[in-house]
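Below are the chains, spelled out letter by letter.
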Amino acid sequence: MNSSAPTSPTFRLIVTGGGTGGHTYPALTTIRALQHRLASDDRTLDVLWIGTENGLEARVAPAEGIPFETVATGKIRRSANPLKLVSPSNVRDMARVPLGVAQARKLVADFRPDVVLATGGYVAVPTGMAARLCQRPLVLHEQTVRLGLANRKLASSATRIAVSSQSTLPLLPEAARGAAVVTGNPIRPEVLAGHPDKAVAALGLHDFDRRLPTVYVTGGAQGSQQINGVVRDSLPWLLERANVVHQCGPNNVDELRRHASALPTALAGRYHLTGFVGPELPDVLALADVVVSRSGAGTLAELTALGRPAVFIPLASSAGNEQAHNARHLEEAGAAVALLDEVTPGRLREALAPLLTDPARRQAMAERARAHGRPDAADRLVDVLLSAATN
């Protein structure tokens, strides 16, 4: 399609990417934003999601009514040892890639998308390669500071590369920098619409002392043993200075509840323990003055868009150590505190103390975090998709 061609009433999009929420949810948010934009021009979106049968996207896409197809792919296991790269499991998985490319090529050729959006994960590689073979525009979206493995493989084939951070630009291959644009990482609009009083009502936080700051602790949907442990061992100190909403993961509630049962009554009223935070998450984030969490790309995008001071405890096993890079990047900007290497209760207290006792310091960190936020990232990425489709 070129800019002089008449605009079709239907925009055709293939989305590929997934495996984890970090790749899946930005894609879903972008689909919704694109549907909204097209509807305002009396146009419709015809979308196909290409993923893997075991990835999160295999549940999310059908639940959203999005047509979904799978292709063969394989996880390439990273290693500093070149000999391990030719391990039997890696060789077996690499042998699946040509099959995946062939399957994806048929899907792309049959669907004839105006543009293909790849958000990362191993499944993005065969579909991205198929876009090039079928001469369809390919837009990559990178959530983290450094390009992930799939996007590195596809960078030379991309029409545009949408990145989440200005800091990514100098890290791109020189030949790819001309195709790059900073959009930010799309976040769900509802995250920005929370209200503190709704969190108090929904979670029954009536014993919270609203004169004190509130800390929201989260280790992700399943919880984090590491974060749970250092918070558990800091509880009396923490509750003397703050209210705490602690999302600990469903399997960890009983053990932490036993521990909390020994707290003095006055402190216990300031501690809300829950296995999972669901639809009330935007309200909890609105209530929180400080967040203690992992530092995945989606978490960073939400907290910076909201302007929330954070103490990050990166997941050490994240792919390419990306969570540590993410956390360090914000710490260097004064927008967060990063606890790297060994994390102890003492180090957590040391990180939190200035934020809990000094409102001016907390406010300064909030403003620096907000300066890195891009609440309009989904709309920016929609601009890139529409532009790529007409050039």
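What this report covers is the structure whose coordinates are included nearby.

**Thoughts on the nonpolar core**
Soluble, globular proteins show a tendency: their nonpolar side chains are buried together.
Logical step 1: Judged by nonpolar contacts, the single largest core of 32 residues is most densely connected at Val292, Val311 and Leu352.
Logical step 2: Secondary-structure elements contributing two or more residues to this core are β8 (214-218), α8 (225-232), α9 (235-239), α10 (253-260), β10 (271-274), β11 (290-293) and α15 (345-357).
Logical step 3: A total of five residues in this core trace back to one element, the largest contributor, which is α15.
Logical step 4: Residues contacting Leu352, with those up to four places away along its chain left out, are Trp237, Leu238, Val290, Val292 and Val311.
Logical step 5: Formed by 29 residues, the second largest nonpolar core is a distinct cluster that contains Ile50, Ala158, Val163 and Val182.

**What about helix α16 (residues 359-371)?**
Logical step 1: Here α16 is 13 residues long and its end C-alpha atoms lie 18 Å apart, about the 18 Å a rise of 1.5 Å per residue gives.
Logical step 2: For α16, every residue scored as buried is listed here: Arg362, Met365, Ala366 and Ala369. Buried residues of α16, seen end-on, are gathered within an arc of 105° and therefore sit on one face of the element. Residues of α16 that are exposed and point over 90 degrees away from its buried face: Ala360 and Ala371.
Logical step 3: Buried residues in α16 make contact with β11, α13 (297-306), β12 (310-312), β13 (337-338) and α15.
Logical step 4: Between the side-chain oxygen of the N-cap and the backbone nitrogen of Ala360 there are 3.1 Å, and the N-cap of α16 in question is Asp358.

**Considerations on the sheet that holds strand β3 (residues 68-70)**
Logical step 1: Spatially, the seven strands line up as an open sheet ordered β3-β2-β1-β4-β5-β6-β7, and their pairing is parallel. Only two strands of the sheet have a single partner each, and these edge strands are β3 and β7 (180-182). Pairwise comparison of adjacent strand axes, ignoring direction, gives a mean angle of 25° for this sheet.
Logical step 2: When strand β6 (residues 160-163) meets β7, the two strands line up parallel, connected through three bridges. Within β7, the residue paired with Ala162 across the bridge is Val181.
Logical step 3: Taken strand by strand, helix α1 (residues 21-40) contacts β1 (10-16), β2 (44-51) and β4 (115-118), and its axis lies near 165° from that of β2.

**Some thoughts on the environment of Leu256**
Logical step 1: Note that Leu256 resides in helix α10.
Logical step 2: The class for Leu256 is buried, based on a relative accessible area of 1%.
Logical step 3: Along the chain, Leu256 and Gly120 lie 136 residues apart, while their C-alpha atoms are 36 Å from each other.
Logical step 4: Ignoring anything within four residues of it in the chain, the contact list for Leu256 reads Asn228, Arg232, His246, Cys248 and Leu273.

**Here's the deal with the sheet that holds β10**
Logical step 1: Read from one edge of the open sheet, six strands run β10-β9-β8-β11-β12-β13, paired in parallel fashion. Two strands in the sheet have a free side with no partner beyond their single neighbour: β10 and β13.
Logical step 2: Pairing analysis gives four bridges linking β8 to β11, with the strands arranged parallel. Bridged to Tyr216 within β11 is Val291.
Logical step 3: Across the face of the sheet, α13 comes into contact with β11 and β12 while running at roughly 165° to β12.

About the thresholds
- Residues numbered from 1 in each chain as written.
- Predicted model: local features only at pLDDT ≥ 70, side-chain atom pairs only at ≥ 80, totals over all residues.
- Heavy atoms only, no water.
- Core = buried A, V, L, I, M, F, W, Y, C linked by side-chain atoms within 4.5 Å.
- Buried < 20%, exposed > 50% of the residue type's maximum accessible area, 1.4 Å probe, protein only.
- Helix = DSSP H or I, 4+ residues; strand = E, 2+ residues; numbered from the N terminus.
- Contact = heavy atoms within 4.5 Å.
- Expected span 1.5 Å × (residues − 1).
- Arc of directions from axis to C-beta.
- Polar contact = N/O pair within 3.5 Å; in protein donor to acceptor, adjacent residues only side chain to side chain.
- Pairing = 2+ DSSP bridges.
- Axes fitted to C-alpha atoms, helices over the stretch in contact; angles between N-to-C directions.

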